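Structure at a glance
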Amino acid sequence: MPPRSTGLAGADAQDDFLRARRRLALSRLRRWLRREPGDIDHILPFEEVVTALGRLQERDAGLQVIPLDAIVGTVDRMKGFDRHFRPTTPQVRRRWESIATAMRRGEAMPPIDVYRIGEVYFVKDGHHRVSVARALGRHDIDARVTEVVTRVGAHRDLLRADLPLKSHERVFFERVPLPAAARERVRPSNPWDYAKLAEGIEAWGWRYMQEHGARMDSGQPIDRQELARAWYEEEYVPVVTMLRDAGMLGNGTEADAYMRIGTERYKLLRTHEWSEDVLARLRAERLGRRATD
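These figures come from a predicted structure and were not determined experimentally. (Residues numbered from 1 in each chain as written. Predicted model: local features only at pLDDT ≥ 70, side-chain atom pairs only at ≥ 80, totals over all residues. Heavy atoms only, no water.)

Residues I117, F172, L178 and W231 are the most contacted members of the largest nonpolar core, which totals 45 residues. Contributions of two or more residues to this core are made by α2 (46–53), β4 (112–117), β5 (120–125), α5 (163–175), α7 (193–212), α8 (224–245) and α9 (254–269). Among the elements that make up this core, the one with the highest residue count is α8 (9 residues). Sequence-distant contacts of L178, defined by excluding residues within four places in its chain, comprise F172, F173, R183, V186, A228, W231 and Y232. Judged by nonpolar contacts, the second largest core, of 28 residues, contains A20, I66, M103 and V132. (Core = buried A, V, L, I, M, F, W, Y, C linked by side-chain atoms within 4.5 Å. Buried < 20%, exposed > 50% of the residue type's maximum accessible area, 1.4 Å probe, protein only. Helix = DSSP H or I, 4+ residues; strand = E, 2+ residues; numbered from the N terminus. Contact = heavy atoms within 4.5 Å.)

Further remarks concern the sheet that holds strand β1 (residues 44–45). Backbone-to-backbone hydrogen bonds join strands into a sheet, with any given pair of strands oriented parallel or antiparallel. In space, the 6 strands of this open sheet follow the order β1-β3-β5-β4-β6-β2, with mixed pairing throughout. The open sheet is flanked by β1 and β2 (55–67), the only strands paired with a single partner. Two strands pair when backbone bridges link them, and β1 and strand β3 (residues 71–74) are joined in this way by 2 bridges, in the parallel orientation. Residue L44 lies in a different strand from β3, and its bridge partner there is G73. Packed on one face of the sheet, helix α4 (residues 127–135) meets β3, β4, β5 and β6 (140–150) and runs near 125° to β5. (Pairing = 2+ DSSP bridges. Axes fitted to C-alpha atoms, helices over the stretch in contact; angles between N-to-C directions.)

The backbone of F85 sits at a positive phi, close to 60°, despite the residue not being glycine. Residue classification places F85 among the buried positions, given a relative accessible area of 1%.

It is at 8 Å that the axes of helix α1 (residues 9–33) and helix α3 (residues 93–104) come closest, and there the two elements cross at 125°. Accordingly, the angle class assigned to the pair α1 and α3 is oblique. Note that α1 runs across α3; the crossing there is right-handed. Contacts between α1 and α3 involve A9, G10, D12, A13, Q14, D16, F17, L18 and A20 from the first element and R93, W96, E97, A100, T101 and R104 from the second. (Parallel < 35°, antiparallel > 145°, perpendicular 65-115°, else oblique. Left-handed = near helix turned anticlockwise from the far one by under 90°.)

Attention now goes to the packing of aromatic side chains. Within the structure shown, the criterion is met by 12 aromatic pairs. On the basis of an interplanar angle of 25° and a centroid distance of 4.7 Å, the ring pair of F46 and Y115 is categorised as stacked. A residue pair is termed long-range when its members are at least 10 positions apart, and F46 in helix α2 and Y115 in strand β4 qualify at 69 residues. Classification of F46 as buried rests on a relative accessible area of 2%. Aromatic side chains F46 and F122 sit 5.5 Å apart centroid to centroid with 70° between the ring planes, which places their arrangement in the edge-to-face category. Here F46 is found in helix α2, whereas its partner F122 is found in strand β5, with 76 residues between them in sequence. (Phe/Tyr/Trp six-rings, centres within 6.5 Å; stacked < 30°, edge-to-face > 60°.)

Turning to the confidence of the model for the chain, a few remarks are in order. Low pLDDT means the predicted coordinates in that region are not meant to be read closely. Per-residue pLDDT for the chain averages 85, and the proportion of residues at 70 or more is 86%. Element-level pLDDT for the chain is lowest in helix α10 (residues 276–292), with a mean of 61, against a maximum mean of 97 in β4. (pLDDT = per-residue confidence, 0-100.)

Okay, α7 next. When the terminal C-alpha atoms of α7 are compared, their 28 Å separation across 20 residues agrees well with the 28 Å that a helix rising 1.5 Å per residue should span. Turning to α7, its buried residues number three or more, namely D193, Y194, L197, A198, I201, W204, G205 and Y208. Here the buried residues of α7 occupy an arc of 130° about the axis, which is enough to place them on one side. Away from its buried face by more than 90 degrees, α7 exposes K196, W206 and Q210. (Expected span 1.5 Å × (residues − 1). Arc of directions from axis to C-beta.)

Bringing α4 into the picture now. Most of α4 sits out of view: 8 of its 9 residues are buried. Turning to α4, its buried residues are H127, H128, R129, V130, S131, V132, A133 and A135. Of the surrounding elements, those touching the buried residues of α4 are α1, β3, α3, β4, β5 and β6.

Time to look at the pattern of salt bridges. Where charged atoms from two side chains of opposite charge come close, those side chains can pair. Scanning the model with the defined rule gives 23 salt bridges in all. R55 is paired through a salt bridge with E58; the nearest N and O atoms lie 2.8 Å apart. One salt bridge in this structure joins R156 and D69, with 2.9 Å as the shortest N-O distance. You can see R156 sitting in the loop between β6 and α5 and its partner D69 sitting in the loop between β2 and β3, a full 87 residues away along the chain. For D69, a relative accessible area of 45% translates into the label partly exposed. (Salt bridge = Lys/Arg side-chain N within 4 Å of Asp/Glu carboxyl O.)

Below, the structure written as structure tokens:
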């Protein structure tokens, strides 16, 4: 809801700033009482995010109208605003109130400059305009957008604490360059498991090359992309389908089930083979364990 207006733009702008500061203080208090993560309101640093996600390319996306609540980061690492662009220091007050006064008078504002990664935006120029627009209850803003394509996408709930895990995800898809359509299916619940999954896939790839040898047409080893596609189509999808049909997916994702049952298979049976007999023996073993618990 937009704040009330007294008709005195300058005085209203001063109240707007104080109100934004109070909202920040109340938000911090609520976070503390709920024992929520300390970085949940931290503004995202562009360079750290790009490094973690893996920059591929960028392009000029032109002038757009973008949602204000999707702007959660900064390029120049300004310390004057939080993730929701509430002012965190009195030092931004003078410029903030000047822009708020102009906006309340209906003066036109130039577009801000942002980078977009996935679903989120990072401000290059226009931090105060974003902050004031949000404080005045606006929902979108004009922006010149540069789109940055990364190996791993960014969702609106991305936190700074997520970046090391996102980096693990990025490294996984570099080691196992799956087709885009396959990436959404091959996702462990725990991002730390990406490294373990990559090790298993690379071991599978080694056995696959031993069985198939070098490519018959060129005599060259099979590349990572081809191996990743072969693993997905010849190993992952058939195995996950078997587990689903056998009622053995359990909790978590498909990838969780694939890793869990695959580990049990090798520990119990010392085999890399998948078959109905193997699944039956694993199911019987798990039922036996439950009966003795």
